[in-house]
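Reading the structure
The primary structure of each chain is shown beneath.
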Amino acid sequence: MARIFPSRRRAPILAAGVMLGALCVRLLRSRTFAAVGSALPSRQPRGWNVDSLQRRSGSQTPGTLRRAGDEEDVVIDPTAYRENRLRQLKDGNVEAYPHFWRVDSSVQALMEKYGDLPDGERDDEVEVTIAGRIRSLRASGAKLRFYDLVDDGLQIQVMASPQMHEGDNFQEVHAQFNRGDIIGVRGVVGKSKRGQLSVFPREVKLLAPCLHMLPKDTLKDQETRYRKRYLDLLVNEDVRRTFKMRSQVTSFIRQYLIDRNFLEVETPMMNPIHGGAAARPFVTRHNDLNMDLYMRVAPELYLKQLVIGGLDRVFEIGRNFRNEGIDMTHNPEFTSCEFYQAYTDYEQLMELTEDLISSMVLKLRGSYEIDYHPNGPSGEAIKIDFKPPWPRISMVEEIEKQSGVKLPRDFGDESSLKVLDDLAKSLKLDCAPPRTATRLLDKLCGHFIEDKIINPAFVTDHPQVMSPLAKWHRSKEGLTERFELFVNTRELCNAYTELNDPQRQLACFQEQTRDKDAGDEEAQPIDLAFVTALEHGLPPTGGWGCGIDRLVMLLADKNNIKEVILFPAMKPILASPSSDKAKPAEEQSAKSTG
């Protein structure tokens, strides 16, 4: 190990030098520096970086630079920033985009290996090579350059000096770098006198320049954050944690199922029939086949065909597409997990769901009880307790209990439809046409049950008209063996004992067709190929689906689905020919037609 700092006998000389250096820096900061390419007196050091904020107005030309270490910001025109930076790289004949830089360590590895190194010492025997993005940079006179380098969310200091430098002129090399640049560093590791872990470089190389001004501290504008997620990830550490949580959620579910002998599979995303869920599909075109295809709304029908084929336990984690509205909990492109297990029913699936979700919460959050902010981080937090067992609420029976109205069990009959319609009208529930039994029951369930659920609870035994793929209840007429898991008023999981009688399945499809003819665009079509598959024998089977995005919202404490999707659906923006500002496409269209 080598001592970084001189002995105490030389301390008075060092102190005098530090005081003189500080005085020089103050004098230099009082000067106004010229733009890139301007001639400078030879006695002034050449360490420059482009500023990123517009905190001070003055006589400087837009795109003016400031010397590294200058704390005073200057006016910067974003366009001039890019132009000046490009000119700086060109005039300096800088190799801005090298093909390769060998990396043999990471910031995390250095922290783990050298965390216990004594203050003021460094390991000159071991050379490391790292890379990262410059978060900030500063200078101490002409002799020292300091960089805060970020790698995979972790930060380390780079402390460059002419004494350690190898190769080209020290000042010329370090004049290349600006905040936001990606650089490679080769050197040794040590700690400053104050105990800060640092890399002391022998070589620093520009790997990719940043040609735009980065937000300095934080990025709050939602439009910018969602449209330019790369900026969001660079600036907001909480965003990185959110998407690490998302990865942990999918990894946990996958491993949980694999440990129970499930086989992960992939099924088509373009289908001739949009079956498997009640949803409006996206339509695409296959030119070679000369036919329209539908982006899948759910993988259910294909997965059940695999169980028919002898794969008793299968699951798929993948994207679904539904051509519906965008709001705080809905995105047209979303991720789900579905699994199907032969020789089980919805009762066993409820037990499995309790174990899967509660054990995940405990592992990822450290407790069954979590704080959640349904109205955003500035709103009041609520407590959600995932500790099992969870209550089971029979849907129709609870509606009857809450409303005091007896509901007929033949929900396909006109008289039953009138009872449901009258009840919805008496409660002034908004139900857009067509006012089918399925849609009215959904509104009533939301009013009496779903909107009151905070802690996890199962809503069970849905009517058959709401569940065309679920098996009829073995003891409750007109109902099915189905459940939905609700948490904080939102559906999280949907599961049931699968309907495996091909004749009953065909009848359910035909009932859906009547709803579709009445104007329900979300009703499922008849899938005769699936009915034929059922005729080959589907064993007693339980099926389960979970929305990954909503689950991550809960565990990451986010109330907007866009916060947990890296690139959420957004309205397109077009540049206006009469304005520098971008506007949503529909606004421009309205202008052009108005």
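Everything here concerns the structure above.
None of the values given here were measured: they were computed from a predicted structure. (Residues numbered from 1 in each chain as written. Predicted model: local features only at pLDDT ≥ 70, side-chain atom pairs only at ≥ 80, totals over all residues. Heavy atoms only, no water.)

**Section: the overall build of the protein chain**
The helix and strand tally for the protein chain stands at 16 helices and 23 strands. Out of the 594 residues belonging to the protein chain, those deemed buried represent 48%. Here the analysis covers contacts within the protein chain between residues at least 6 apart in sequence; of these, 63% occur between residues at least 24 apart. Carbon together with sulfur atoms contributes 50% to the accessible area of the protein chain, which is approximately 30200 Å² in total. (Helix = DSSP H or I, 4+ residues; strand = E, 2+ residues; numbered from the N terminus. Buried < 20%, exposed > 50% of the residue type's maximum accessible area, 1.4 Å probe, protein only. Contact = heavy atoms within 4.5 Å. Areas by Shrake-Rupley, 256 points an atom, 1.4 Å probe, with all protein chains shown as cover.)

**A short note on the sheet that holds strand β11 (residues 283-286)**
Here 3 strands make up an open sheet; going across it, the order is β10-β12-β11 and the pairing antiparallel. Both outer strands of the open sheet, β10 (270-271) and β11, are each paired with one neighbouring strand and no more. Where β10 meets strand β12 (residues 291-295), 2 bridges bridge the pair, whose relative direction is antiparallel. Note on β12: the bridge partner recorded for Asn271 is Tyr294. (Pairing = 2+ DSSP bridges.)

**Quick word on the environment of Met164**
By the element assignment, Met164 lies in the loop between β6 (154-160) and α4 (170-174). In this structure Met164 comes out as buried when scored by relative accessible area, which is 15%. Sequence separation between Met164 and Glu203 is 39 residues, and the spatial gap between their C-alpha atoms is 8.5 Å. Apart from residues lying up to four places away in sequence, Met164 is in contact with Arg122, Val188, Phe200, Pro201 and Arg202.

**Focus on the side chain of Ser336**
Along the chain, Ser336 turns up in strand β14 (residues 333-342). Overall, Ser336 belongs to the buried group, its relative accessible area being 6%. One polar contact links Ser336 to Asn320, side chain to side chain, over a distance of 2.8 Å. When neighbours within four sequence positions are excluded, Ser336 is seen to be in contact with Glu316, Ile317, Gly318, Asn320, Cys546 and Ile548. (Polar contact = N/O pair within 3.5 Å; in protein donor to acceptor, adjacent residues only side chain to side chain.)

**Points about the packing of aromatic side chains**
Within this structure, the stated rule accounts for 6 aromatic pairs. Taken together, a centroid distance of 5.2 Å and an interplanar angle of 70 degrees make the contact between Phe262 and Phe339 edge-to-face. Taken together, the positions of Phe262 in the loop between α7 (237-258) and β9 (263-264) and Phe339 in strand β14 put the pair 77 residues apart, joining distant regions of the chain. According to the relative accessible area criterion, Phe262 is buried, its value standing at 6%. (Phe/Tyr/Trp six-rings, centres within 6.5 Å; stacked < 30°, edge-to-face > 60°.)

**Structural notes on the pattern of salt bridges**
In total, this model carries 39 salt bridges according to the counting rule given. A salt bridge links Lys476 to Glu397, with the shortest nitrogen-to-oxygen separation between them at 3.3 Å. Taken as a pair, Lys476 in the loop between β18 (457-460) and β19 (482-487) and Glu397 in helix α10 (residues 395-403) lie far apart in primary sequence, 79 residues in all. A relative accessible area of 24% places Lys476 in the partly exposed class. We classify Glu397 as partly exposed; its relative accessible area is 37%. Close ionic contact of Lys418 with Asp422 constitutes a salt bridge, the shortest N to O distance being 2.8 Å. Of this pair, Lys418 and Asp422 both sit in helix α11 (residues 414-426), 4 residues apart, which is roughly one turn of that helix. Several salt bridges share partner residues, and in doing so they unite Glu127, Glu166, Arg186, Arg202 and Glu203 into one network. (Salt bridge = Lys/Arg side-chain N within 4 Å of Asp/Glu carboxyl O.)

**Details of α7**
For α7, spanning 22 residues, the distance from its first C-alpha to its last is 32 Å, which sits close to the expected 32 Å at 1.5 Å a residue. Along α7, the residues classified as buried are Val239, Thr242, Phe243, Met245, Arg246, Val249, Thr250, Phe252, Ile253, Tyr256 and Leu257. Considering only its buried residues, α7 is in contact with α5 (222-227), α6 (229-235), β13 (313-321), β14, α9 (346-365) and α15 (548-555). (Expected span 1.5 Å × (residues − 1).)

**Let's talk about unusual backbone geometry**
Pro388 connects to Pro389 through a cis peptide bond whose omega is 0 degrees. Inspection of the secondary structure puts Pro389 in the loop between β16 (382-385) and β17 (392-394). Pro433 connects to Pro434 through a cis peptide bond whose omega is 0 degrees. Take Pro434: it is sitting in the loop between α11 and α12 (437-448). Here Lys428, not a glycine, exhibits a phi torsion of approximately 55 degrees, which is positive. Topologically, Lys428 is positioned in the loop between α11 and α12. Assessed through its relative accessible area of 77%, Lys428 is described here as exposed. Notably, Thr489 is not glycine yet its phi reads approximately 70 degrees, a positive angle. By the element assignment, Thr489 lies in the loop between β19 and β20 (490-497). Classification of Thr489 by relative accessible area gives partly exposed; the value is 24%.

**Some thoughts on the packing of α7 against α9**
Direction vectors running N to C along α7 and α9 enclose 140 degrees, while the axes themselves pass 11 Å from each other. Here α9 runs oblique to α7, going by the angle between their axes. Of the two elements, α7 crosses α9, and the hand of that crossing is right-handed. For the pair α7 and α9, contact is made by Met245, Gln248, Val249, Phe252, Ile253 and Tyr256 and by Leu352, Asp355, Leu356, Ser359, Met360, Lys363, Leu364 and Arg365, respectively. Counted by class, the contact of α7 with α9 contains 9 nonpolar, 2 polar and 3 charged residues. (Axes fitted to C-alpha atoms, helices over the stretch in contact; angles between N-to-C directions. Parallel < 35°, antiparallel > 145°, perpendicular 65-115°, else oblique. Left-handed = near helix turned anticlockwise from the far one by under 90°. Nonpolar A, V, L, I, M, F, W, Y, C, P; charged D, E, K, R; others polar.)

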